[in-house]
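Listed here are the chains, written in short residue letters.
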Amino acid sequence: MIDTPALVDQYCHGVLRTELGLGTFEAQLVRTEGPPAPGTTLFDTQTGFAVRRWCPPLLGLEPHCPPARYLARRRELGMTEAGRRLLRGSGITAYLVDTGLPDDLTGPAELGRAGDAEAHEIVRLEQLAEQVADTSGTVASFLANLAESVHGAAAHAVAFTSVAVSRHGPALTPEPPGPGQVRGAAGRWLAGRRAGDELSDPVLLCHLLWIAVASGLPLQLHAGLGAPGTRADRTDPVLLTDFVRATAGLGTDLVLLHGYPYHRHAAHLAGVFPHVYADCGAALVRTGARAATVLAEVLELAPFGKILFSSGARGLPELHVVGARLFREALGRVLGTWVAEGASSPADAQRVAGLIASGNAGRVYGLH
Amino acid sequence: MIDTPALVDQYCHGVLRTELGLGTFEAQLVRTEGPPAPGTTLFDTQTGFAVRRWCPPLLGLEPHCPPARYLARRRELGMTEAGRRLLRGSGITAYLVDTGLPDDLTGPAELGRAGDAEAHEIVRLEQLAEQVADTSGTVASFLANLAESVHGAAAHAVAFTSVAVSRHGPALTPEPPGPGQVRGAAGRWLAGRRAGDELSDPVLLCHLLWIAVASGLPLQLHAGLGAPGTRADRTDPVLLTDFVRATAGLGTDLVLLHGYPYHRHAAHLAGVFPHVYADCGAALVRTGARAATVLAEVLELAPFGKILFSSGARGLPELHVVGARLFREALGRVLGTWVAEGASSPADAQRVAGLIASGNAGRVYGLH
Amino acid sequence: MIDTPALVDQYCHGVLRTELGLGTFEAQLVRTEGPPAPGTTLFDTQTGFAVRRWCPPLLGLEPHCPPARYLARRRELGMTEAGRRLLRGSGITAYLVDTGLPDDLTGPAELGRAGDAEAHEIVRLEQLAEQVADTSGTVASFLANLAESVHGAAAHAVAFTSVAVSRHGPALTPEPPGPGQVRGAAGRWLAGRRAGDELSDPVLLCHLLWIAVASGLPLQLHAGLGAPGTRADRTDPVLLTDFVRATAGLGTDLVLLHGYPYHRHAAHLAGVFPHVYADCGAALVRTGARAATVLAEVLELAPFGKILFSSGARGLPELHVVGARLFREALGRVLGTWVAEGASSPADAQRVAGLIASGNAGRVYGLH
């Protein structure tokens, strides 16, 4: 049996602080552009089925009990106690937490305490830039503050993360934009901007990526199917090949998050470029009963030392649980099959399991 | 055991009225751009193997008997009797029939009688427009007749279908074209047109889609690998994202047909947009022994309430049989595995089977 | 049990003539853009695991023994003897060898002798053109010599191969460029060229393809993930659809090499166009324990008479072994499953195995 005692969740968010009813819980399960179609429910998805499988037992219920019964039990225990039981039942021993969402979610320290685990911060570049813009009076001060903020964040965070790919995809130029171009773009953006506006200017997004690359901290890039509101065809990680090639040899690692349904492409980049790593977790929460197959597809081209686990969870501790349990079960099944079929020795399979579950993340993010 | 007593084939065509020899039968098995390569036969395909597996027993022969023997038995029974036995052996209880092909195929009523099943008409928008063009004298009358024809068809058909994506793919604009643009395009098309010419003007194709959207009837869009003569890369359904987003909230459902090899992308759209549904059947006829895997891939991201079965069959009743049998076996295998592995309760699996086999189609198309 | 006594490797290279240490061997295992990331090794890849599984027993060691032990044994036997044992243990009975790499690799005759197998030459068009350029003084003589060289090569080679797709991808025009265009491009290229420079002008690449098409010899096109240095998104074989359609009916077969991760797309083209064939081997060496699944994906749309085996091996005889063993095991497993599940008769499965292992290649390349 493949065993993975430690699990580093290399990309997740905190959890909501409010009690949830059936409808508000359902809305957090899967990210969509609108309410469920009439006559359908988002519980009838891979994520819904996985939550119903893995979470009720952690709160003392039968697997696959009706959602309403689960939600009633959750409210009975209270958000805090339910969250503690769920997070501590996930098997995750370290959380790397993207703190850059506007939602009121628990931060790394609070998530770590609830889950009795280590926790570290991931800084989201676009949100950092938006905060800097909110407090900078001129283009010159904006650009100076931006560089300083990224530099300052690098001192306490374990990684940067960016959604530039899903916001601009192929428009992302491989080269760092020149200073004049950046000043021009910053001027236009700041002039037209109201507080709270999202950063979507491609020149500034690119500039931000290159500042982050210069910091030396690992840079996580969202690719593949992520948030609604994007066009999936613009998030294929192979479209990043030129940027990836331009950043090779600079000493900064790139981590391709999500990937699915282009996870084979992300794995290819992780195989070809020494500084590229592939995430293999967030897609499992979306694909549920199919997790072992999706994981196996990542393991086709990505070297085993270049694959990292994450839950990608956001809002619900149930998603951290499901991410971790699906991953562990899938990893055990995939590697167990290799051993059974003679494709790997038992010792190698166990070693690879440790790399993907925590060893690679420990090395890349300098944990411990 | 997962049971699916009722099966709604949400997209198919009628069958040929002529007796077929080995060569003419082979030519109907798979759609290609030319005859089989020297030394090869189209019976050596997934579709060929699936026909040889499922159909001979319905005509009193052994599975996998030689094609020539099967064809001899088929002629012995006669086209009509063989067709009855095949269709009645398929397990399909309702056919939704695209009547917009030029071939001489049986219509919905005749197909329903032969198969002892319900039958409904799907109207193909491009063919409707071509018929209207054949009988309209001026641009103004063409456009007025077009609107009226679509409106009239909506009264008796259960859905519209369009091949605009495979004819134009990414060129499809997300916005309805303006009246002047439409008049200009209609004028140019009608001026250069001879009776029988295909509609391939992108403005008119788009105009037609938007008239159909306004009718409120479900709109089926061909995407993925469909007919030969198209470039597969232009049929990726994610290229439709802008059009899909533009039609959200208007009360009209979009059904993405075929999908394969982009079925995971179609499933993504069905997951993100409340008004989008994904077909999971036609690809199974093409992929045969791999049907369970292809179906499972659709079931990764598409909510279980958003998936519809079809055979996509055309010309040969054998293709209706193969579509239905492969689907049933694949669905039973996929959902049975979920139950065996604990990913679903038996009751949920049975409920999901019913949704995909007929429940979702009944709701979307308003059957009974 | 499915049996494949003869195995035609329709695309490979020769092997290195030098003794290899752990690091130089590792560098040949997988083609990358740089050395392994710190803390990782390329032995921790599917290819590494597959080599450790299949090769040690051929040199008298246990499967999965440590790489250092394997390399020590390899040096102990000496490159020549180790190569003989490996190649003769592969089960390959005929090698088709691309001789167009600059590396010092064994040629077809030497590879054939070492492996006790038939061997034939595949001529790489780009290298042929570069050699002609090195020895031609004027544009006119270059173009005349080029046509003559291709014609001459066609007399002794069994196929041409081209990397035009990975060098230019979608820029490849479907039509043969006109004589003036070709002369202009040749003039510019020759003027700016130093001896040894690669051919990367799209007009000349295209011209070369069309000369090769005119020769009637099968033309192998590299598509999908091939060499590093390319952008994977530009190598999707469906981007070749217009070129494929333009070459239909001319009597020249096109063979799509590699394909992965677009192998389903390559299989589609092989299904739709009579003159297109799909490779199913090289991807297996890269995907190792997943070989049966990847092969099964090719077998979805490609007619069984249109699929060819290759190892794609280069430099290491271990890669010929791994290609052949993975293929045989995968083919046996895929077809064995079909028989077990009733999707094929045993006789048909055995016949299909023979076609893919050697029959199709024998027919396409006119072997024997």
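Everything numeric in this text was worked out from a predicted model, so none of it was measured.

J.: Let's hear about the overall build of chain A: which residues, and what values?
T.: If you tally the helices and strands in chain A, you get 16 helices and eight strands. At 20 Å, chain A has a C-alpha radius of gyration in line with the 21 Å of a compact globule built from 368 residues. Once the C-alpha set of chain A is aligned to its principal axes, its extents read approximately 60 × 50 × 40 Å. For chain A, the share of sequence-separated contacts (at least 6 apart) that also reach a separation of at least 24 residues comes to 77%. Within the structure as shown, chain A displays about 12200 Å² of accessible surface, and the carbon and sulfur contribution to it stands at 55%.

J.: Can you break down the relation of the copies chain C and chain A residue by residue, with the values?
T.: Of the two same-sequence chains, chain C is brought onto chain A (RMSD 0.0 Å, axial shift 0.0 Å) by a rotation of 120°. Both chain copies can therefore be described as sitting about a three-fold axis. Measuring from the rotation axis to each C-alpha of chain C, the shortest distance belongs to Thr293 of chain C, at 5.7 Å. Taken together, the interface assignments show that only 3% of the residues at the interface of chain C recur at the interface of chain A, consistent with different surfaces on the two copies.

J.: Account for helix α1 (residues 22–29) of chain A, naming residues and giving values.
T.: Every buried residue belonging to α1 of chain A is among Phe25, Glu26 and Leu29 of chain A, and all of these are buried. The arc that holds every buried residue of α1 of chain A, seen down its axis, measures 100°, which confines them to one face.

J.: Kindly report on the nonpolar core, identifying the contributing residues and their values.
T.: Membership of the largest hydrophobic core comes to 350 residues, with the highest contact counts inside it found for Phe160 of chain A together with Phe160 of chain B. Beyond its immediate stretch of four places on either side in the chain, Phe160 of chain A contacts Ile122, Val123, Leu125, Val150, Ala153, Ala154, Ala212, Ser215, Leu217, Pro218, Leu219 and Gln220 of chain A.

J.: Describe in detail the sheet that holds strand β2 (residues 94–98) of chain A, supporting the description with residues and values.
T.: Residue and element names in this part refer to chain A. Reading across the sheet, the eight strands line up as β1-β2-β3-β4-β5-β6-β7-β8 and stay open at both edges, with parallel pairing between neighbours. At either margin of the open sheet sits one strand with a lone partner, and together these are β1 (8–12) and β8 (307–308). Judged from the five bridges that link them, strand β5 (residues 219–223) and strand β6 (residues 254–258) form a sheet pairing that is parallel. Across the sheet, the residue bridging to Ala223 is His258, located in β6.

J.: Quick one: what's the story with the sheet that holds strand β3 (residues 118–124) of chain B, residue by residue and with numbers?
T.: All names here are of chain B. Here we have eight strands laid out as an open sheet, ordered β1-β2-β3-β4-β5-β6-β7-β8, and parallel in their pairing. The sheet is open, and its two borders are formed by β1 (8–12) and β8 (307–308), each paired with just one other strand. Bridge analysis of strand β7 (residues 276–279) against β8 gives two bridges, and the strand direction is parallel. Bridged to Ala278 within β8 is Ile307.

So, how was this worked out
Residues numbered from 1 in each chain as written. Chains lettered and ligands numbered in written order. Predicted model: local features only at pLDDT ≥ 70, side-chain atom pairs only at ≥ 80, totals over all residues. Heavy atoms only, no water. Helix = DSSP H or I, 4+ residues; strand = E, 2+ residues; numbered from the N terminus. Rg over C-alpha atoms; globule rule 2.2 N^0.38 Å. Contact = heavy atoms within 4.5 Å. Areas by Shrake-Rupley, 256 points an atom, 1.4 Å probe, with all protein chains shown as cover. Least-squares fit on C-alpha atoms with pLDDT ≥ 70 in both. Buried < 20%, exposed > 50% of the residue type's maximum accessible area, 1.4 Å probe, protein only. Arc of directions from axis to C-beta. Core = buried A, V, L, I, M, F, W, Y, C linked by side-chain atoms within 4.5 Å. Pairing = 2+ DSSP bridges.

Honestly, that's just the spatial picture; any functional story needs more than this.
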